Amino acid sequence: MGGYYPPAFIVLTSSDMQIFNSRKTEYKDKIRAIATDEKVRLRIIVPRSMSCSCANLCVHKENEENVCYSMFWAGMCGSDYEYWELHFSATSEGLYWYHFELDTPWGRNFVYNIGSGVGDIAPNGNDFQQTVYSKDFVTPDWLKGGLIYQIFPDRFYNSGSKKTGVRESRVIRNWGDEPYWKEEQMNGVWNNDYFCGDLKGIEEKLPYLADLCVSCIYLNPIFEANSNHRYDTADYEKIDPLLGTEDDLRSLCKKAKEEYGISIILDGVFSHTGCDSKYFNIYSNYDSVGAYNSKSSPYFSWYKFINYPNEYHSWWGINLLPEVIEEDESYRNYICGKDGILRKWLRCGIGGWRLDVADELPDIFLDDLRKAVKEENSNAVIIGEVWEDATTKFAYGERRRYLLGEQLDSVMNYPFADAVLNFVRFKNADAFFDSVLGIIENYPPQVTNVLMNHIGTHDTERAINRLAGEDCEGRGREWQHEHNKLSHYDYLHGVSLMKLASLLQYTLPGVPSLYYGDEIGMMGCKDPFNRGCMQWDNQNEELLRWYKRLGEIRRGCHVFKEGDFVPVYCSHKTVAYKRSDATSEVLVAVNLDEMPIEIEIGTEWENSYTLLGNTAGAGRITLEPFRYAMLTRVK
């Protein structure tokens, strides 16, 4: 094993010729995950001078042994190269890893992944990944080609309706004031300031959301809790009284769907509860017998006590958030059972769930959750919060199987968010394509088409700050407060960059997710500055018009539902790509260079329609510095 041959034989003379590239259809006819029993053709292109006598595909399923399959000689590629190929399929879902081995007169040589999907001769290296999902796996069609709008409920719109059952200890603020961020402001109680946004307020603003072409509203937690973010659930069975009632949610879901075609998805926080809840009840504020109150509590088995009752496992060591044992049968039945929490709110009219910290939920819980949701409504969507590539995620000491067909439909697409924001700010075209193609290559296509493509959320600084402001990573709240607002120049620059970032966001595979206020240019560093009140009377009209136009384009171009992603041009600070289906194509080009760029796009675009920016001519398109183009044509 591990032979040698002269270096001259491993250097390909053509810059375009590679032994293998998992991201090009010349080598791999399906650049994505495959279904069980589905065949994928793998082809390598070997220099004739290597005198290759045998080529093998060596593949193993995760944690299993290698199996080698003989490839067949498939003819010449020009006069200096030859094809070897085979078709691979798998009968069971999972992650499969592969490389190629070549027998030559100088010994055995190995073709490994040297990065970005490129395969080359190396004595050792990384295998290529092939994800295999269940052939029965489907995701909801209604979300494809759509647009998600994320709302932090306390800060979107206050209808002014009277609320009952609200604790007197809650601090009610004036709309538009800066959220409390100093410990002394909070009088020792964090996240206890409220601006009284509510469900009726969201319902009143449905026409505004419809003008943005929103098809799905994602709400941060709305269940009764004792913080303004409501990730410390106090009662899964009740709407928080400051937000309204169960009838208010029913009304919102009904009106949104029937009048505007908008679905509502809720935030499911199932890895922990609040300590101030009917389940734990540390302060005895609830009539129930909580786990903290007695070992005889019906909820005692849900929690991980170390030294009862005051020492217990909590989420990230925050004692206000005691961890739940999701494997506990009683807890799983409460959430996932026939009359459990999941089904209760689906019956109320919601269109699905976004799962907080999905990577902290064990497989047994996610399996039960999917069964419950899909039995109740097969079209309901399940989106998990996973910050990395969800196909390679390790948690609970094992590789997770979120996207193989029995758990999640989609995830929050942080890799795309980083790709877009980093490209627009730092202008590395190669890194942008590498990130995007890496996800497309690893994910099932039905997942890719419903990925939640955000560029900012309640957990991150506002997109405009990340694009045009100083880096706030590792900075304290005092510093963030001082740098929360951009200078006039930086703000105007940020608006321009937001246009470019959103153009990419809205045209990549998946579903763009717009964090409330980004469309009007709201600024903010991290929590709590990114959670300010929606500025209804202070909107950047230029940016708002841009977002409305992007929404109209998405709604009018069916290619964004399931169209392929095809790279067209990548050079330094400029990218161009196509979204393509059987009947039409959309071409997107963005130039972040200080110099004009001319891109060859082919004469087929001569009579294309210009949706945004520059037009095509003579088979090419010219982009001035920091300009863009978006064209469409019928095939």
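That block above? That's the structure.
Bear in mind the structure is a predicted one, so any value in this text is a computation, not a measurement. Within each chain, residue numbers correspond to sequence positions counted from 1 in written order. The predicted nature of this model means local features are confined to residues of pLDDT at least 70 and side-chain atom pairs, given and counted, to a pLDDT of 80 or more, with totals for whole chains, interfaces and linings taken over all residues. Side-chain numbers come from the whole structure's heavy atoms, not from hydrogens or water.

Draft legend 1. Quick peek at a nonpolar patch on the surface. Each patch groups residues whose relative accessible area exceeds 30% and which form no salt bridge, using 9 Å between like charges and 5 Å between nonpolar side chains of Val, Leu, Ile, Met, Phe, Trp and Tyr. Only the protein chains shown count as covering a residue, and every accessible area follows the Shrake-Rupley method with a 1.4 Å probe. Throughout this description, the term salt bridge denotes a Lys or Arg side-chain nitrogen within 4 Å of a carboxyl oxygen of Asp or Glu. Together, Y283, W316, I318 and L320 make up a nonpolar patch on the protein surface, roughly 490 Å² of accessible area in all. For each residue, the accessible area found with a 1.4 Å probe, counting protein chains only, is set against the maximum for its type, and the residue is called buried under 20%, exposed over 50%, and partly exposed in between. For L320, a relative accessible area of 47% corresponds to the partly exposed category.

Draft legend 2. Inspection of the packing of helix α12 (residues 488-507) against helix α13 (residues 541-556) at higher detail. Axis definition: a line fit to C-alpha positions, over the contact stretch in the case of helices; interaxial angles, taken between N-to-C directions, run 0 to 180 degrees. Strands here are runs of E lasting at least two residues and helices are runs of H or I lasting at least four, both read from the DSSP assignment and numbered beginning at the N terminus. The N-to-C vectors of α12 and α13 enclose an angle of 10 degrees; their axes lie 11 Å apart at closest approach. By the angle between their axes, α12 is roughly parallel relative to α13. Within the contact between the two elements, α12 uses V495, M498, K499, S502, L503 and Y506 and α13 uses E542, L543, W546, Y547, L550, G551 and R554. Any angle that falls under 35 degrees is termed roughly parallel, while one over 145 is termed roughly antiparallel, one within 65 to 115 roughly perpendicular, and all others oblique. Any two residues whose heavy atoms approach within 4.5 Å at even a single point are treated as in contact.

Draft legend 3. Representation of the environment of T36 in the model. As for its position among the elements, T36 is in the loop between β2 (34-35) and β3 (40-47). Sequence-distant contacts of T36, that is, excluding residues within four places in its chain, are made with A90, T91, S92, E93, V132, Y133, S134 and K135. A polar atom in the side chain of T36 sits 3.1 Å from the backbone nitrogen of K135. Whenever a nitrogen or oxygen atom comes within 3.5 Å of another N or O atom, the pair is scored as a polar contact, on the condition that within protein one atom can donate a hydrogen and the other can accept it, and that pairs from neighbouring residues in sequence are kept only if both atoms are in side chains.

Draft legend 4. Structural view of the sheet that holds strand β7 (residues 81-88). Between any two strands, at least two bridges found by DSSP are needed for them to pair. The strand order across the open sheet built from three strands is β3-β7-β6, with neighbouring strands paired in antiparallel fashion. Of all strands in the sheet, those with a lone pairing partner are β3 and β6 (72-77), marking the two edges. Strand-to-strand twist across the sheet, computed as the mean angle between neighbouring axes with direction ignored, equals 30 degrees. Across four bridges, β6 lies against β7 in antiparallel orientation. Counterpart to F72 in the pairing with β7 is E85.

Draft legend 5. Highlighting unusual backbone geometry. Residue Y308 is joined to P309 through a cis peptide bond whose omega torsion reads 0 degrees. If you trace the backbone, P309 turns up in the loop between β19 (305-307) and β20 (311-312). Cis geometry marks the peptide bond from D527 to P528, where omega comes out at 10 degrees. With respect to the helices, strands and loops of the structure, P528 is situated in the loop between β27 (511-515) and α13. Positive phi values are uncommon outside glycine, yet W316 reaches one of about 55 degrees. Checked against the element boundaries, W316 lands in the loop between β20 and α4 (329-336).

Draft legend 6. Local environment of the nonpolar core. Nine residue types can take part in a nonpolar core, namely buried Ala, Val, Leu, Ile, Met, Phe, Trp, Tyr and Cys, and a core is a set of them joined through side-chain atoms within 4.5 Å. In this structure, Y149, F270, W353 and F432 are the most contacted members of the largest nonpolar core, which totals 130 residues. When residues of this core are assigned to their parent elements, the largest contribution, nine residues, is made by α12. Not counting chain neighbours up to four residues away, the residues in contact with F270 comprise Y236, V324, E326, Y331, I335, L342, W353, L355, L361, F365 and L369. If you look at the next biggest cluster of nonpolar residues, it comprises 31 residues, including Y27, I34, C52 and I121.

Draft legend 7. Broad picture of the state of the cysteines. In this description, a disulfide is simply a cysteine sulfur pair whose atoms lie within 2.5 Å. This model, assessed by the stated rule, comprises one disulfide. Disulfide pairing places C58 opposite C68 at an S-S distance of 2.4 Å. Taking the torsion about the sulfur-sulfur bond, which here is approximately 100 degrees, the covalent link between C58 and C68 counts as right-handed. In this pair, C58 sits in strand β4 (residues 54-61) while C68 sits in strand β5 (residues 67-70), placing the two residues ten residues apart along the sequence. Exposure remark for C58: the relative accessible area of 0% places this residue in the buried category. Left without a disulfide partner, C525 is nearest to the cysteine sulfur of C472, which lies 4.7 Å away. By relative accessible area, which is 3% here, C525 ends up buried.

Draft legend 8. Inspection of the packing of aromatic side chains at higher detail. Two aromatic rings from Phe, Tyr or Trp, using only the six-membered ring of Trp, form a pair when their centres are within 6.5 Å; if the ring planes differ by under 30 degrees the pair is stacked, by over 60 it is edge-to-face, and anything between is tilted. On inspection of all chains with the given rule, the structure shows 48 aromatic pairs. Judged by centre distance (4.9 Å) and plane angle (75 degrees), the rings of W302 and Y331 are edge-to-face. Pair noted here: W302 is in the loop between β18 (263-268) and β19 and Y331 is in helix α4, with a separation of 29 residues, a long-range link. Both residues of the pair, W302 and Y331, count as buried. Ring pairs connect the aromatic residues F223, Y236, F270, Y279, Y299, W302, Y331, Y334, W345, W353 and F365, which therefore count as one cluster.

Draft legend 9. Quick look at the sheet that holds strand β22 (residues 381-384). Read from one edge to the other, the open sheet built from eight strands follows the order β25-β22-β21-β18-β15-β12-β27-β26, with strand pairing classed as parallel. The sheet is open, and its two edges are formed by β25 (410-411) and β26 (452-454), each paired on a single side. Inspection of the sheet shows β18 paired to strand β21 (residues 352-355) by four bridges, in the parallel sense. Of the residues in β21, the one forming a bridge with L266 is W353.

Draft legend 10. Representation of the pattern of salt bridges within the structure. Per the stated rule, a full pass over the model turns up 55 salt bridges. The shortest N-O distance in the salt bridge between E562 and K144 comes to 3.5 Å. Of this pair, E562 sits in helix α14 (residues 559-562) while K144 sits in the loop between β11 (128-133) and β12 (148-151), placing them 418 residues apart in sequence. Given the relative accessible area of 47%, E562 is considered partly exposed. Note that K578 is salt-bridged to E585, the shortest N-O span being 3.2 Å. Across the pair, E585 and K578 agree in class, each one buried.

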